[in-house]
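# Structure assessment
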Amino acid sequence: QVQLVESGGGLVQAGGSLRLSCVASGRTFSMYYLAWFGQAPGKGREFVAAITPSSGNIYYVDFVKGRFTISRDNAQNTGALQMNNLKPEDTAVYYCAIGSGRWSKKEQPTSYDYWGQGTQVTVSS
């Protein structure tokens, strides 16, 4: 069993930055790929970014490319999402998740085994 806890959300003006953190309990974090999803009000969870266990492969949805950076530290059982040049459209609850399924299905929420509780990001215009 793995538990994930996110932090780092908040209210920021457009153009600002936030750094989200995800701390995992358990000793198997390094076996999973890590992803971040965002859920805006009234919408489903949407894929944002993912990173493989060794950090050898990283993938971003087009909307955040060049603005967001995903990273992980397996020694510390942590993951992060650096969010720069934030836009009002980025407003959502952000969740970290880890999965052991196929990397080719990384954008699908059903590919993930464990989820955090979410952290709210609000970007004002």
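Summary of the structure given here. (Residues numbered from 1 in each chain as written. Predicted model: local features only at pLDDT ≥ 70, side-chain atom pairs only at ≥ 80, totals over all residues. Heavy atoms only, no water.)

Judged by nonpolar contacts, the single largest core of 28 residues is most densely connected at W36, L81 and Y94. Within the residue set of this core, elements represented by two or more residues are β3 (18–24), β4 (33–39), β5 (46–51), β7 (68–73), β8 (78–83), β9 (92–99) and β11 (119–124). (Core = buried A, V, L, I, M, F, W, Y, C linked by side-chain atoms within 4.5 Å. Buried < 20%, exposed > 50% of the residue type's maximum accessible area, 1.4 Å probe, protein only. Helix = DSSP H or I, 4+ residues; strand = E, 2+ residues; numbered from the N terminus.)

Applying the stated rule across the entire model yields two salt bridges. D62 is the partner of K65 in a salt bridge, and the nearest nitrogen-oxygen pair spans 3.0 Å. For K65, a relative accessible area of 47% corresponds to the partly exposed category. D90 is paired through a salt bridge with R67; the nearest N and O atoms lie 2.8 Å apart. Taken together, the residues span a long stretch of sequence, with D90 in the loop between β8 and β9 and R67 in the loop between β6 (58–60) and β7 at a distance of 23 residues. Comparing D90 with R67, the two get one shared label, buried. (Salt bridge = Lys/Arg side-chain N within 4 Å of Asp/Glu carboxyl O.)

A separate point is the side chain of K106. The residue K106 is located in the loop between β9 and β10 (114–115) in this model. The charged side chain of K106 is buried without a salt bridge, its nearest counter-charge being E107 at 5.1 Å. Residues within four places of K106 in sequence aside, it is in contact with Y33, F37, F47, A50, Y59 and Y112. (Lys, Arg positive; Asp, Glu negative; His and termini not counted. Contact = heavy atoms within 4.5 Å.)

As a further point, take the sheet that holds β3. If you trace the four strands from one edge of the open sheet to the other, you get β1-β3-β8-β7, paired in antiparallel fashion. Since the sheet does not close on itself, it has two edges, and those belong to β1 (4–7) and β7, each with one partner. Direction aside, the axes of adjacent strands within the sheet are offset by 15 degrees on average. In the sheet, β1 pairs with β3 via four bridges, with the strands oriented antiparallel. Across the sheet, the residue bridging to L4 is A24, located in β3. (Pairing = 2+ DSSP bridges. Axes fitted to C-alpha atoms, helices over the stretch in contact; angles between N-to-C directions.)

Two descriptors summarise a pair of aromatic rings, namely the distance from one centre to the other and the angle between the planes of the rings. Considering all chains together, one arrives at nine aromatic pairs under this definition. Here a set of aromatic residues connected by ring pairs shows up, and it is made of Y33, F37, F47, Y59, Y95, W103, Y112 and W115. Positioned above the aromatic ring of F29, the side-chain terminus of R72 is 4.5 Å from the ring centre. Sitting over the face of the ring of Y59, K106 holds its NZ or CZ atom 4.5 Å from the ring centroid. (Phe/Tyr/Trp six-rings, centres within 6.5 Å; stacked < 30°, edge-to-face > 60°. Lys NZ or Arg CZ within 6 Å of the ring centre and 35° of its normal.)

Once that is clear, we can look at the side chain of T119. Assignment of secondary structure puts T119 in strand β11. Residue classification places T119 among the buried residues on the basis of a relative accessible area of 10%. Not counting the four nearest positions on each side in its chain, T119 is found in contact with E6, S7, G8, G9, L20, A92, V93 and Y94.

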